[in-house]
Amino acid sequence: MAFSVALISTGGTIEKTYDELHGVLQNNVSVLDAILASLTLEGVAITRVPLMNKDSLEMTEADHDLIARTADIMAEGHDGVVVCHGTDRLAVTGHRIHERLAAKGRLRKAVVLTGAMRPYELRRTDSVQNLTEALCAVQVLAPGVYVAMHNRVLAFPGVRKDYDRMTFVRDGAG
C-alpha cells in the first residue's frame, strides 16, 4: 500500500517562474508538477491540492487560516501532508497549523512545510532538494508540524526564518 501524501501548494519562491514580458519572477503557474515528474517516488501516492499561488509576503491572515484549515482536512484522509509555501511567511503558517491541530487534539499526522530561497527555474535552485526532503520527512516523522529545508527538520512551535543565513532556525538561534 502506498504512503498517501496531500501536497498543498500555496505559491512562494519555490513556484515562481520568469515573466519575460515584465522581466520579473512571479507566481503565475505552478512548477510543482515538473519537479514531481523528475523524482522517483516509489511507494508514495501524491494528491495535489493547488490552494493558491501567492508570494507569501502578500498572504493575509485569512490565507494563513485557509492553509491551516486545509492541512487539517487533508491530514484526515492522508498519511501525511506537505505544504509548499513562500519562505518569508512560512513560519507564520507553520505556527498557525500547529495551533489549530493542537487545540483540536488532532496532531495525529506529520505536516511538513517547505519552500525555496531560489526558484526552480534558476540553475542553483534549492527547490528540488527541499521538496524531496519534505516528501521523505513526512513519511518518517512523528505526528506534528515541521519545516524541512536545507538538510534540516525543525518542529513547530519555535521556528523562524534567519534572514542572514537564509534558512530556518529555532527561536533564539542565530
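Sequence positions are assigned chain by chain, starting from 1 and proceeding in written order. Per-residue local features are limited, in this predicted model, to residues with pLDDT of at least 70; the limit for side-chain atom pairs, both in listing and counting, is 80 or more; totals at the level of whole chains, interfaces and linings are taken over all residues. The basis for every side-chain value is the complete set of non-hydrogen atoms in the structure, without hydrogens or water.

(A) Focus on the overall build of the protein. Along its length, the protein carries four helices and ten strands. Its helices and strands in sequence order give the protein the pattern β-β-β-α-β-α-β-α-β-α-β-β-β-β, from N to C terminus. Taken over 174 residues, the protein has a buried fraction of 50%. Any two residues having at least one pair of non-hydrogen atoms within 4.5 Å are treated as being in contact. Here the analysis covers contacts within the protein between residues at least 6 apart in sequence; of these, 64% occur between residues at least 24 apart. Each helix is a run of DSSP H or I of at least 4 residues and each strand a run of E of at least 2, with the numbering of both proceeding from the N terminus. Whether a residue is buried, partly exposed or exposed follows from its accessible area with a 1.4 Å probe, protein chains only, as a fraction of its type maximum: under 20%, in between, or over 50%, in that order.

(B) Fine view of the side chain of Asp 126. Assignment of secondary structure puts Asp 126 in the loop between strand 6 (110-114) and helix 4 (127-140). In this structure Asp 126 is buried but unpaired, with Arg 118 as the nearest side chain of opposite charge at 4.4 Å. Polar contacts here mean pairs of N or O atoms no more than 3.5 Å apart (in protein, one a potential hydrogen donor and the other a potential acceptor; neighbouring residues in sequence count only if both atoms are side-chain atoms). There is a polar contact of 3.0 Å between the side chain of Asp 126 and the backbone nitrogen of Met 117. Here His 150 takes part through its side chain, which lies 2.7 Å from a polar atom of the side chain of Asp 126. Setting aside residues up to four positions removed in sequence, Asp 126 forms contacts with Ala 116, Met 117, Arg 118, Met 149 and His 150. This count recognises Lys and Arg as positive and Asp and Glu as negative, with His and chain-terminal groups excluded. Take a side-chain nitrogen of Lys or Arg and a carboxyl oxygen of Asp or Glu: if they are within 4 Å of each other, that pair is a salt bridge.

(C) Structural detail: the packing of helix 2 (residues 61-77) against helix 3 (residues 90-103). Axis geometry follows a simple rule: fit a line to the C-alpha atoms, using only the stretch in contact for helices, then measure angles between N-to-C directions, giving values from 0 to 180 degrees. Running from N to C, helix 2 and helix 3 point in directions that differ by 50°, and their axes come no closer than 9 Å. If you check the angle between helix 2 and helix 3, you find them oblique. Our pair here, helix 2 against helix 3, has a crossing hand that is right-handed. On helix 3, the residues that touch Glu 61, His 64, Asp 65, Ile 67, Ala 68, Arg 69, Ala 71 and Asp 72 of helix 2 are Val 92, Thr 93, Arg 96, Ile 97, Arg 100 and Leu 101. Split into classes, the residues belonging to the contact of helix 2 with helix 3 amount to six nonpolar, two polar and six charged. Each angle is binned into one of four classes, with values under 35 degrees roughly parallel, values over 145 roughly antiparallel, values of 65 to 115 roughly perpendicular, and all other values oblique. Left-handed describes a crossing in which the near helix is turned anticlockwise from the far one by less than a right angle; the clockwise case is right-handed. Note that Gly is not counted as nonpolar here; it falls among the polar residues with everything else outside the nonpolar set of Ala, Val, Leu, Ile, Met, Phe, Trp, Tyr, Cys and Pro and the charged set of Asp, Glu, Lys and Arg.

(D) Looking closely at the sheet that holds strand 6. For two strands to be treated as a pair, DSSP must find at least two bridges joining them. In spatial order, the strands read 4-1-5-6-7-8; together these six strands make up an open sheet with mixed pairing. The open sheet has two free edges, formed respectively by strand 4 (44-54) and strand 8 (152-155), since each of these has just one partner strand. Averaged over neighbouring strand pairs, the angle between their axes works out to 20° when direction is ignored. Judged from the four bridges that link them, strand 6 and strand 7 (residues 144-149) form a sheet pairing that is parallel. Note that in strand 7 the partner of Ala 110 across the bridge is Gly 144. In the packing of helix 2 onto the sheet, the strands contacted are strand 1 (3-11), strand 4, strand 5 (80-84) and strand 6, and the crossing angle to strand 4 comes to about 165°.

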